[in-house]
Amino acid sequence: MVSSGTPAAAPLLVLKKISDILDAFSLRKPELTLTDIREATGLPTSTVQRLVGNLVANGFLDKGGDHYRVGLKMAFWAAPATQNLDRLEVVKPVLQDLRDKLGETVCFFEASMNYRVCVAMAETRHMLRREMKVGRLLPLHAGSAGRVLLAWNGELLRDVLSDSLDQLTETTITDRSSLSAAVEQTRRDGYAITTGERQTGASGLSAPVFDSQADLLGAVTIMGPTLRMPLEVCERWVEDLLAAAEQVTRMLGGRHPDDAVGRRTPSGTASTPSQG
């Protein structure tokens, strides 16, 4: 192990600082000022200025006015890493990490015909849990994952609205205009929180994952009993959820459409979840 006091450690420390700077950029925050980078990394202003200047000079970052973004050269280097990736092999570790952090079941849903299907999951270790398994088909009009899958697929939304909306619980949305409004709210927010729509006493929150064309691939969902996931808990977990969905999107070489940036309400809290 190299001691931090040896000459060989200096390049490693510089690489760590460079890594911290690049980590400050995200799909929700693709452009940053020097002040933004300093606040995100905690590095001294002089260090940020020097390293950012070097990163721009070598194509790691691009500069426009007083803002910086990850350079296009990085996409060239990343292409071999993302080629032929099995998306489920990318998704599964992210689901597991989120499950381990929050303790609840985390799933990845995709649209299949006019349903949503669970294609990957990391199950909670709690004895009390929401029943779920890979391959299970569920309706799209009830629950946070369905809300997300409809929010960025207009054709699918039209198909669902053209059919009857079955009443699954007392709070299931069965009115077409109400469902349209809830889907539009999800699109504005960049995520969805629902309670008791598909199963009484159960909560869920979901966020979208996109491909390189900014088309929707699926939804990352945290689900569990409302007893452990009341509204205030779901709201606290929104940032963790969005970070996980963004991680999958980035690892698959995807990008967000302009209206999927995980918006927050002016107060800084998540929007009120649908109760049906």
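Residues numbered from 1 in each chain as written. Predicted model: local features only at pLDDT ≥ 70, side-chain atom pairs only at ≥ 80, totals over all residues. Heavy atoms only, no water.

(A) Spatial organisation of the packing of aromatic side chains. Tallied over the full model, the rule gives one aromatic pair. Measuring from ring centre to ring centre gives 5.7 Å for Trp 152 and Phe 210, while their planes differ by 85°; the resulting arrangement is edge-to-face. One end of the pair, Trp 152, is in the loop between helix H6 (144-151) and helix H7 (154-161); the other, Phe 210, is in strand E7 (residues 202-210), and 58 residues separate them in sequence. Like Trp 152, the residue Phe 210 is buried in the burial classification. Directly above the ring of Phe 109 sits Arg 116, whose terminal nitrogen or CZ lies 4.9 Å from the centroid. (Phe/Tyr/Trp six-rings, centres within 6.5 Å; stacked < 30°, edge-to-face > 60°. Helix = DSSP H or I, 4+ residues; strand = E, 2+ residues; numbered from the N terminus. Buried < 20%, exposed > 50% of the residue type's maximum accessible area, 1.4 Å probe, protein only. Lys NZ or Arg CZ within 6 Å of the ring centre and 35° of its normal.)

(B) Highlighting the pattern of salt bridges. Counted according to the given criterion, the structure contains 11 salt bridges. Residue Glu 89 is joined to Lys 92 by a salt bridge in which the shortest nitrogen-to-oxygen separation is 3.8 Å. Residue Glu 89 and its partner Lys 92 are both found in helix H5 (residues 87-102); the two are separated by three residues, about one turn of the helix. Between Arg 228 and Glu 104 there is a salt bridge whose closest N-O contact spans 2.6 Å. Of the two residues, Arg 228 is situated in the loop between strand E8 (216-225) and helix H9 (231-236) and Glu 104 in the loop between H5 and strand E3 (105-112); the sequence distance between them amounts to 124 residues. Judged by relative accessible area, Glu 104 falls into the buried class, the value being 3%. In the salt-bridge network here, residues are joined through shared partners; they are Arg 99, Asp 100 and Arg 125. (Salt bridge = Lys/Arg side-chain N within 4 Å of Asp/Glu carboxyl O.)

(C) Representation of the side chain of Thr 194 within the structure. Mapped onto the elements, Thr 194 comes out in strand E6 (residues 192-195). Of the polar contacts made by the side chain of Thr 194, one reaches the backbone nitrogen of Ser 144; its length is 3.0 Å. (Polar contact = N/O pair within 3.5 Å; in protein donor to acceptor, adjacent residues only side chain to side chain.)

(D) The arrangement of the layout of surface pockets in detail. When its volume is computed, the second largest pocket comes out at roughly 220 Å³. Along its surface, the second largest pocket is lined by Asn 114, Tyr 115, Pro 139, Leu 140, His 141, Val 160, Asp 163, Ser 164, Leu 165 and Asp 166. Of the residues contributing to the lining of the second largest pocket, the split by class is five nonpolar, three polar and two charged. (1 Å grid on protein atoms, 1.4 Å probe; cavity = no way out; pocket = protein on both sides within 12 Å on 5 of 7 lines; lining within 4 Å. Points joined across faces, edges and corners; volume = space filled by probe spheres on them. Nonpolar A, V, L, I, M, F, W, Y, C, P; charged D, E, K, R; others polar.)

(E) Region of interest: helix H10 (residues 238-251). Its 14 residues give H10 an end-to-end C-alpha distance of 20 Å, which sits within 8% of 20 Å, the value for a rise of 1.5 Å per residue. Those residues of H10 that are buried lie in contact with H5, E6, E7, E8 and H9. At the exit of H10 stands Gly 253, carrying a positive phi of roughly 75°. (Expected span 1.5 Å × (residues − 1). Contact = heavy atoms within 4.5 Å.)

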